[in-house]
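This is what each chain is made of:
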Protein chains: 2
Amino acid sequence: MSFYPPQRTLMGPGPSDVYPRVSEALSRPTIGHLDPEFIRLMDETKQMLQYAFQTENQLTLPISAPGSAGMEACFVNLIEAGDSVIIMQNGVFGTRMRENVMRIGAEPIMVEDPWGQAVDLNKAHDAITQHPAAKAIAFVHAETSTGVKSDAAALCAMAADAGMLSIVDTVTGLGGIEVAVDAWRADAVYSGTQKCLSCVPGLSPVTFSPRAQQVISKRSSPVQSWFLDMNLIMGYWGEGSQRSYHHTAPVNALYGLHEALSILQEEGLQHSWARHQHNHRALKAGLQAMGLNLLVEPDARLPQLNAVSIPDNLDEALVRRQLLQDFNLEIGAGLGQLAGKIWRIGLMGCSSNPANVRLCIAALEACLLNQDVSIDAGAALAAVNRFYSA
Amino acid sequence: MSFYPPQRTLMGPGPSDVYPRVSEALSRPTIGHLDPEFIRLMDETKQMLQYAFQTENQLTLPISAPGSAGMEACFVNLIEAGDSVIIMQNGVFGTRMRENVMRIGAEPIMVEDPWGQAVDLNKAHDAITQHPAAKAIAFVHAETSTGVKSDAAALCAMAADAGMLSIVDTVTGLGGIEVAVDAWRADAVYSGTQKCLSCVPGLSPVTFSPRAQQVISKRSSPVQSWFLDMNLIMGYWGEGSQRSYHHTAPVNALYGLHEALSILQEEGLQHSWARHQHNHRALKAGLQAMGLNLLVEPDARLPQLNAVSIPDNLDEALVRRQLLQDFNLEIGAGLGQLAGKIWRIGLMGCSSNPANVRLCIAALEACLLNQDVSIDAGAALAAVNRFYSA
């Protein structure tokens, strides 16, 4: 029997709402993964990803699997057994980086910052000084578990100046805030499709600098994953019309990504970032009028992922359940040590719009009133409306 | 700018034509990967995969990446460094199994059969006798590179009787010919969505026996791939309503797979196999009337993938180009040592139908006449029509 999903509004940590044009693109006729027309699609996708990442890196393409596989692709291609990697951890995804490094047989050097805070640049500097033999420094530009932005430009520059590679997680960043791979001098950067690109989940855009590409081609051991071996993937996604078969590309998913990237290009990166910022401010105005605070300090806030501190004595899971059941609205729970302490409200891609902000504020107010939280009914929505009409 | 693919008829080695219901399902509204409704989709998908694989294995689910990742999932979870694995190689995908085993730091014991022939059961028996310490025996049930079917029941039984695990590639088999995981006593079996299921490419259904599951949970080293670690994936796809987040599932791709499996269940496995067989016979009748021969001996032929020997002095690439340009028809080239020697004509999933058989025969005839191959014009189509009306 067919499965008909409910029509949700997706304001969690991703997937975000999908552009109708992207949904439609998914159902276009499937063609072969070696069809000349498909090669054209690949070339255009690569060019648009270069635009989104702001890079001229030749090795820029979508991995045929979700963001976690993009992360793994970066680590298994650049790092070999015996290497050491400095990992700046300030949330869930730093832990996952550690897992990746350990499974390679390499040594993770963990530098921790509190969850909800940006990576401390001084600590990064000290770690680089203390571990000059480390091959790479890895960090999360946009921490999906906490809503925190770290200073990717500064961290990548430190790595480059020390002759180390930089590995950057911007799964939640791409399209929502500035990602400037070449200007940062970043070496390996991965993202996801289901966040600020408003495409469906399942692909992971990655980009490797020429320096990273050289490291990959000069490895002393084969990449431990055949599926993620960039040496082989390059043969399929590379230059020219001769593409050697590596794996069967997820053709229709790539139609969706191509469409999402086309929309991003039509809107323009700067406009997209500004829109994410604008709707974030509107949401913040509404939350504050409801007495709700953001976990993260202003400088480090991701506009596309708002970590909201949950008031005491509130059944937060009940709120999320009610939002889903009564309003078809999904927001995210906290992860790991922030479980039960924060909600994660996403304003990503096409989810970042005034109608969603208003729906979220109105629905949240109804749920809070339901639990006898003392708030001034209507004040929050009024604050949002004031913001938008200012 | 949006990408609009041409409308092809896909009769290569996969992707095959996609059921219109599957295309439509892909564009249904995206919901969260932890949404209770999504959990229901996962449960139903698992049940329908159990039906397709004919298994009660609890650990039956789609890997969130193409068939190559399904292969890798089987090897990296079951095999550890220092293990040895007997690989029965009779085509491209045996070579890839070898790559997988080597990248684990395990030892592949290669047993070769000529491309185009089934795995020799005597050789398998000898290899098992000579290498009693091997942990597993791996083989390809349905070789996509040659159109050959091997005797999975016999090979899995030999492995089980010798206390070895069996790892079975049936990427091209599932839904097109009998796959009977429990009856075979197979331990790890992987497939793809873009072949006889007529879904889009991008997912890899896998199933692990309880014995395999035990091997995975008792490993002495962590699985080298975090993304493909079945211990972690089980936490997300497992029993009960509590699912722990591992990676973001490719939600819309799973809508497509669910729909394709629903169609398979509606048709019934036996009917699907019979249909594949029937249209294969029609195609064969047409090819023979054109003077074209199949590479593979009758007993080992896959009905869903027909390896056609190319006559001498024919520009085979020109034929394929003309089929694509003039008829929007894709057939496959040979791979590896069979490049230039065979075409691969797929009749998979919904591509396996009388209209496609007629189109293929008529178009191929036109291309051959174009190259002055001496054939009796019209005889091939007449043979096909005779077959269908018999």
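In this text the structure is predicted, and so the values were computed from the model without any measurement.

The rules behind each value
Counting restarts for each chain: residues are numbered from 1 in the order of the written sequence. Labels are handed out in written order, letters beginning with A for the chains and numbers beginning with 1 for the ligands. Residues qualify for local features only when their pLDDT is at least 70, as the model is predicted, and side-chain atom pairs are given and counted only at 80 or more; totals for whole chains, interfaces and linings, by contrast, use all residues. At least two DSSP bridges between two strands are needed for those strands to be called paired. Helix and strand definitions follow DSSP, with helices as H or I runs of at least four residues and strands as E runs of at least two, each counted in order from the N terminus. In this description, a line fitted to the C-alpha atoms serves as the axis of each element, helices being fitted only across the stretch in contact, and the angle between N-to-C directions of two axes falls anywhere from 0 to 180 degrees. Note on contacts: residues are paired as contacts if their backbone-placed C-beta atoms lie within 7 Å. Each residue is assigned to one of three groups, with Ala, Val, Leu, Ile, Met, Phe, Trp, Tyr, Cys and Pro labelled nonpolar, Asp, Glu, Lys and Arg labelled charged, and all others, Gly among them, labelled polar. As used here, a nonpolar core is made of buried Ala, Val, Leu, Ile, Met, Phe, Trp, Tyr and Cys residues. They are joined through C-beta atoms within 7 Å. Note on burial: count the other C-beta atoms lying within 10 Å of the residue's C-beta; 20 or more is buried, 12 or fewer is exposed, in between is partly exposed, and C-beta positions come from the backbone. Delimitation of the domains relies on an automatic or database domain assignment.

Caption draft 1: Quick look at the sheet that holds strand β10 (residues 204-208) of chain B. Residues and elements named next belong to chain B. Pairing is mixed in the open sheet, where seven strands are placed in the order β2-β10-β9-β8-β5-β3-β4. The outermost strands of the open sheet, each flanked by one partner alone, are β2 (59-63) and β4 (107-112). Mean inter-strand twist for the sheet, computed between neighbouring axes without regard to direction, equals 15 degrees. Where β2 and β10 come together, five bridges link them in antiparallel fashion. Bridging from a neighbouring strand, T60 pairs with T207 of β10.

Caption draft 2: Region of interest: the interface of chain A and chain B. Taken together, the contacts link 60 residues of chain A with 60 residues of chain B. Secondary structure elements with two or more residues in the side of chain A that touches chain B: α1 (20-26), α2 (36-53), α3 (67-78), α4 (92-103) and α10 (251-267) of chain A. Ranked by residues supplied to the side of chain A that touches chain B, first place goes to α10(A) with seven residues. Of the residues assigned to the side of chain A that touches chain B, the class counts are 26 nonpolar, 22 polar and 12 charged.

Caption draft 3: Quick peek at the nonpolar core. Counting 258 residues, the largest nonpolar core has A:L78, A:A136, A:I137, B:L78, B:A136 and B:I137 as the members making the most contacts within it. Ignoring anything within four residues of it in the chain, the contact list for A:L78 reads A:A136, A:L165, A:I167, A:A188, A:A212, A:V215 and A:I216.

Caption draft 4: Region of interest: the sheet that holds strand β5 (residues 136-140) of chain A. Residue and element names in this part refer to chain A. Read from one edge to the other, the open sheet built from seven strands follows the order β2-β10-β9-β8-β5-β3-β4, with strand pairing classed as mixed. The open sheet has two edge strands, β2 (59-63) and β4 (107-112), and neither has a second partner. Ignoring which end each strand starts from, the neighbouring axes of this sheet average 15 degrees apart. Relative to the sheet, α3 contacts β2, β5, β8 (165-169), β9 (188-190) and β10 (204-208), its axis offset from that of β9 by approximately 165 degrees.

Caption draft 5: Structural detail: the domain arrangement of chain A. Residue and element names in this part refer to chain A. Looking at chain A, the domain boundaries give domain 1 (19-266) and domain 2 (269-389). The centre of domain 1, based on its C-alpha atoms, is set 29 Å off from the matching centre of domain 2. Looking at the side of domain 1 that touches domain 2 residue by residue, the classes come out as 10 nonpolar, 10 polar and three charged.

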